[in-house]
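# Notes for the structure review
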Amino acid sequence: MLRNFIKIAFRNLIKRKGYAAINIAGLAIGITCCLLIFEYVAYEKNYDNFHEKGDRIFRVQDEEYQNGRLVVPCAAAMPGVAPFMKKEFPEVENAFRIRKVDFLLGNDQRNVKFRESTVYYADASILDILHLPLKEGNAKTALSAPGKTIISEEIAAKYFGEENPIGKTLTIYNTKNPRPLEVTGVFKNYPSNSHLKLSVLVSYPTYSQVIGTYGRPNDVLENSFGWTDFYTYILLAKGTNPKQLEAKLPAFIDKHYNDLPENKSQGERYSLSLMPLKNIHLYSHYTEEAEANGDGQAVNFLFLIAFFIVGIAWINYINLATAHSLDRAREVGVRKVLGALRGELIRQFMLESLLLNLLALIIAVIISLSINPLFAHLTNRPLPSLLHLPMTYKKYLIILLAAGTFLSGIYPALVLSRYQPVAVLKGVFKNAAGGKWLRKGLIIGQFTASIILIAGTIIVYRQLHYMQNQDLGVDINQTLILKGGGSGLTDSSFKTTYSAFKGEVLQLSGVKNMTSSSAIMGNEILWSTTWNRLRDQKKQAVNLFHLGVDADFIESYRLKMLAGEPFSRLPLANRRKVILNESAVKAFGLASPKAAIGELIAGGQGDMDSMEVSGVIADYHNEGLQKSIQPLVLFPNRRTDEYFSVKIQGNSAAPVISSIKKIWTNYYKADPFEYFFLDEFFNRQYEENQRFGVVFALFAMFAIGIACFGLLGLSAYNVLQRTKEIGVRKVLGASAGSLVFSLSKDFLALVAIAFIVAVPVTAMVMRTWLQGFAYRIDLSWWIFAIAGLTSFFIALITVGFEAFKAAIANPIKSLRIE
């Protein structure tokens, strides 16, 4: 019997080639889109899933409050948190701290030198907590003493080639004195799907020696609760409830920081929270994240789109199958007269559905495997192919495809098998009203999804356009950034060298201006502390982010002075003056920028006990518009060795860069010449949003295209049902236009209903997405109008095509059908 069913199924597919081709193509496209999105979602949701103890690993992060208001939610914590939590909480089995630094590393033996941005000072316990197996070296001693480092296989090849690096030396150059590190271990390249990019780990005791050269006590790295740059991870004991442990943290931080006498008067308090390791990549968006994290909301939205698309494809199958049910009605009647039971017919039609879905699945698998590299390039991720998906997602796919095949096949099978043979063979039959309402409901669902996707695409692109074209308040165009030089130089030597280097660069014909700073636009400023106005009796604490600049920074970047004077007009020796931005003035509660001039403010670091405000600049966007503008204080000539900004002019930058490089080698021989353009660097902040926009639009286009198949199927079904009516109307003189309108109006009404349903859903979903941006567009009415009109136009073309064919057909042929 099964063999006979299969033969009949193949014969029917071959007999109705066009019907089969449309069905298979729609299903194949829908399933392909679903598979590709599953690959993307699986990669994003499997970050940090490779750790053996991952379910018990949590990151401890701090939130700084001032006068009850959250001002800095920070991904890092204080260096004292890890050892004291391990000591005071039996729930904490182990803990480690890491501190991210930017090093100029070199191997003097091979004359190799590179700048590495993913170097971490790390506690030795990191090797016990994270999945970081050593290929070479002893894990128990590799990070136990000062001057030791472990490196990845990639770093080992980069600095040592084919040599065994164990016992050999890497040198840090950008500390006060070059510092040798003994390579004590080599670990496998760390997986890319981790929120940490680990390539070089330096023993934590080494950091104590380094900060000691800057006059800071060594025990600050063990006991301090006033410095929050240390990523802190804890391993919970088995059976520990993390919520119960988190409930104990307020008392813990009060004891070690908030309730200390020297901190109570500041108006500043900290809280601590736990973030599961596996949630960090998608759901943590604090300041000072180790790497740029993903967007869990966007990933979940794409996951939902995958179900939308494949669901639309199955709805198409239902509509197309029912649209062609009349073609097979007589077949059903004859087979019933010959003794076929309804159950046998249902199995026959379900087998045809299974066969169509299997063919579509095979094609979809081939396509997805073929274009996986292209899709991986589009998303800028090393996506797993379908064959390498985690087993969980393979199970999801199997369940989804099996359920979809059954549900999409069962309704047409029930419709086709219920025809009564006598009525069918006499030509007197029609479908039930309930079936019509179901098909109309499916079309409304399809176009509701289509309108949501069209409107969503417009909103995503408008937000991206808004961010990229908004006035930043700062001129970043034609700005060449040099990674600062001066490794091993003292402050006085750096100033002398920089002044001479700057003088020569400014003599170049293609150079307009030059400045230096501790940070640049597009980089998160991590240097901050709490400040008070000395004349404020309430001593209200304000957290200010710090930016060290040279005298020409404000003019070079064309920042707008609202009050006071820029540093270029102050005596060079005066380091007791600072400039605030508008947000800082407002945070201090001052009435206006002019009111801030002459104010004395005091900070909590070093010689910042009393600084005079000499100027106020207009707010500018130091980071992308995803983030709000923070209160900022500018210092003259502090830590300005990080970045050199060269404002160039003319159409060709290459000759200028070549000339600057020659000058560089004369002054900074120990430092590699590294440069980039600031506008390109700044716009990298929007790359992930742009990729999301492209992926969203791509799948939205496929979803809309597939939805048209469903509408085409239902319109074809409607024309078949009304064939005799069309013939009679034409004989009685109806025009082609009136027939097209008569056949199309019902479908256009369905699109109108879909529009009414889609607008509030779209508004709710996209408002939630826009909440992730500090500066965002408004949801204008015309966005929804365009989405609705686009869907209406698509529906009109699709339905009108079938209606027009029926309207121009010969009425004699139409009347002969019955």
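Definitions and cut-offs
Residues numbered from 1 in each chain as written. Predicted model: local features only at pLDDT ≥ 70, side-chain atom pairs only at ≥ 80, totals over all residues. Heavy atoms only, no water. Helix = DSSP H or I, 4+ residues; strand = E, 2+ residues; numbered from the N terminus. Buried < 20%, exposed > 50% of the residue type's maximum accessible area, 1.4 Å probe, protein only. Contact = heavy atoms within 4.5 Å. Areas by Shrake-Rupley, 256 points an atom, 1.4 Å probe, with all protein chains shown as cover. Expected span 1.5 Å × (residues − 1). Arc of directions from axis to C-beta. Pairing = 2+ DSSP bridges. Salt bridge = Lys/Arg side-chain N within 4 Å of Asp/Glu carboxyl O. Lys, Arg positive; Asp, Glu negative; His and termini not counted. Core = buried A, V, L, I, M, F, W, Y, C linked by side-chain atoms within 4.5 Å. Phe/Tyr/Trp six-rings, centres within 6.5 Å; stacked < 30°, edge-to-face > 60°. Lys NZ or Arg CZ within 6 Å of the ring centre and 35° of its normal. Patch = residues over 30% accessible without salt bridge, like charges linked within 9 Å, V, L, I, M, F, W, Y side chains within 5 Å. pLDDT = per-residue confidence, 0-100. Disulfide = S-S within 2.5 Å. Axes fitted to C-alpha atoms, helices over the stretch in contact; angles between N-to-C directions. Parallel < 35°, antiparallel > 145°, perpendicular 65-115°, else oblique. Left-handed = near helix turned anticlockwise from the far one by under 90°. Nonpolar A, V, L, I, M, F, W, Y, C, P; charged D, E, K, R; others polar.

### Points about the overall build of the chain
Helices and strands together make up the secondary structure of the chain, namely 28 helices and 22 strands. The proportion of buried residues among the 818 residues of the chain is 54%. Counting only contacts in the chain whose residues sit at least 6 apart along the sequence, the fraction spanning at least 24 positions is 80%. Accessible area of the chain: about 36100 Å², with a carbon and sulfur share of 58%.

### Points about helix α22 (residues 654-667)
Taking 1.5 Å of rise per residue, 14 residues should cover 20 Å, and α22 covers 20 Å from first to last C-alpha, within 8% of that figure. When α22 is considered as a whole, its buried residues turn out to be V656, I657, I660, I663 and W664. Down the axis of α22, the buried side of the element spans an arc of 125 degrees, and every buried residue falls inside it. Exposed side chains of α22 directed beyond 90 degrees from the buried face belong to A654, K662 and N666.

### Remarks on the pairing of strand β12 (residues 479-483)
Counted residue by residue, β12 has 5 buried out of 5 residues, so it is predominantly covered. Side chains of β12 alternate between two faces, with T479, I481 and K483 and L480 and L482 buried alike. Where β12 lies against strand β21 (residues 643-648), 5 bridges are found, and the strand directions are antiparallel. Opposite L480, over in β21, you have V646 as the bridge partner.

### Describing the pairing of strand β8 (residues 179-187)
Across a regular strand the side chains alternate sides, sitting on one face of the sheet and then on the other. Within β8, 7 of the 9 residues are buried, which leaves the element mostly enclosed by the surrounding structure. Pairing of strand β7 (residues 169-172) with β8 involves 4 bridges; the strand directions are antiparallel. What sits directly across from T169, in β8, is E182.

### Some words on the pattern of salt bridges
With the rule as written, the count across this model stands at 31 salt bridges. Between D259 and R269 there is a salt bridge, with the nearest N and O atoms lying 3.7 Å from each other. Of this pair, D259 sits in the loop between α9 (249-258) and α10 (261-264) while R269 sits in strand β11 (residues 268-276), placing them 10 residues apart in sequence. Take R269: its relative accessible area is 37%, and that puts it in the partly exposed class. Where E599 meets R533, a salt bridge forms, and the shortest distance between an N and an O atom there is 3.4 Å. With E599 in the loop between α21 (593-596) and β18 (600-603) and R533 in strand β14 (residues 528-533), this residue pair connects regions lying 66 residues apart in the sequence.

### Things to note about the side chain of E39
Tracing the backbone shows E39 in helix α2 (residues 17-45). No salt bridge is formed by the buried E39; the nearest opposite charge belongs to K394, separated by 11 Å. The residues touching E39, leaving out its near neighbours within four places in the chain, are S368, N372, L383, P384, S385, L386 and L389.

### So, unusual backbone geometry
Negative phi values dominate among residues other than glycine, just as trans dominates among peptide bonds. At N380, a position not held by glycine, the phi torsion is positive, near 60 degrees. Inspection of the secondary structure puts N380 in the loop between α14 (342-379) and α15 (391-417). A positive phi angle, close to 50 degrees, is found at Q478, a residue other than glycine. Mapped onto the elements, Q478 comes out in the loop between α17 (433-469) and β12.

### Let's talk about the nonpolar core
If you look at the biggest cluster of nonpolar residues, it comprises 140 residues, and the most contacted ones within it are I126 and L634. Per element, the largest residue contribution to this core is 14 residues, and it comes from α17. Not counting the four nearest positions on each side in its chain, I126 is found in contact with F96, I98, L143, L198 and L201. Formed by 24 residues, the second largest nonpolar core is a distinct cluster that contains V200, Y204, V210 and W227.

### Some details on the packing of aromatic side chains
Summed over all chains, the structure comprises 39 aromatic pairs. Here the aromatic rings of F501 and W664 are separated by 5.7 Å at their centres, their planes lie at 85 degrees, and the arrangement is edge-to-face. With a gap of 163 residues between them, F501 in helix α18 (residues 491-506) and W664 in helix α22 connect regions that are remote in the sequence. Using a relative accessible area of 0% as the deciding quantity, one classes F501 as buried. Looking at W664, the relative accessible area reads 1%, which means it is buried. With 6.1 Å between their ring centres and 70 degrees between their planes, F501 and Y667 make a pair best called edge-to-face. Residue F501 is located in helix α18, and its partner Y667 is located in helix α22; the two are separated by 166 residues in the primary sequence. When its relative accessible area of 25% is taken as the criterion, Y667 is described as partly exposed. Through pairs of rings, three or more aromatic residues link up here, namely Y498, F501, F644, W664, Y667, Y668, F673 and Y675. The cationic tip of K113 hangs over the ring face of Y173; the distance from NZ or CZ to the ring centre is 4.3 Å.

### Here we look at the environment of G296
Looking at the element boundaries, G296 is found in helix α12 (residues 296-323). G296 gets classed as buried once you look at its relative accessible area, which sits at 2%. Sequence spacing of G296 and V41 is 255 residues, and the spatial spacing of their C-alpha atoms is 9.6 Å. Dropping the residues within four chain positions of it, G296 is found in contact with L282 and Y283.

### Thoughts on the environment of F793
Here F793 shows up in helix α27 (residues 781-807). Taking the C-alpha atoms as reference points, F793 and V751, separated by 42 residues in sequence, lie 9.9 Å from one another.

### Quick notes on a nonpolar patch on the surface
Judged by side-chain polarity, I29, M701 and F702 come together as a nonpolar surface patch covering roughly 260 Å² of accessible area. You can see M701 is positioned in helix α24 (residues 687-721). Residue classification places M701 among the exposed residues on the basis of a relative accessible area of 52%.

### Quick word on the confidence of the model for the chain
Here the chain shows a mean pLDDT of 84. Residues at 70 or above account for 82%. Highest mean pLDDT in the chain belongs to strand β10 (residues 231-236) (97); lowest belongs to helix α16 (residues 421-426) (56).

### Considerations on the state of the cysteines
Under the criterion given, the structure shown has 0 disulfides. The closest cysteine sulfur to the non-disulfide-bonded C33 is located on C34, 8.7 Å from its own sulfur. Classification of C33 as buried rests on a relative accessible area of 3%.

### Notes on the packing of helix α3 (residues 81-88) against α9
A packed helix pair is summarised by two numbers, namely the angle formed by the two axes and the spacing between the axes. For the pair α3 and α9, interaxial distance at closest approach is 12 Å and the crossing angle is 120 degrees. In terms of their interaxial angle, α3 and α9 are classed as oblique. As α3 packs across α9, the resulting crossing turns out to be right-handed. Packed against α3, whose contacting residues are V81, F84, M85 and E88, the element α9 presents L249, F252, K255 and H256 at the interface. Taken together, the residues that form the contact of α3 with α9 break down as 5 nonpolar, 1 polar and 2 charged.

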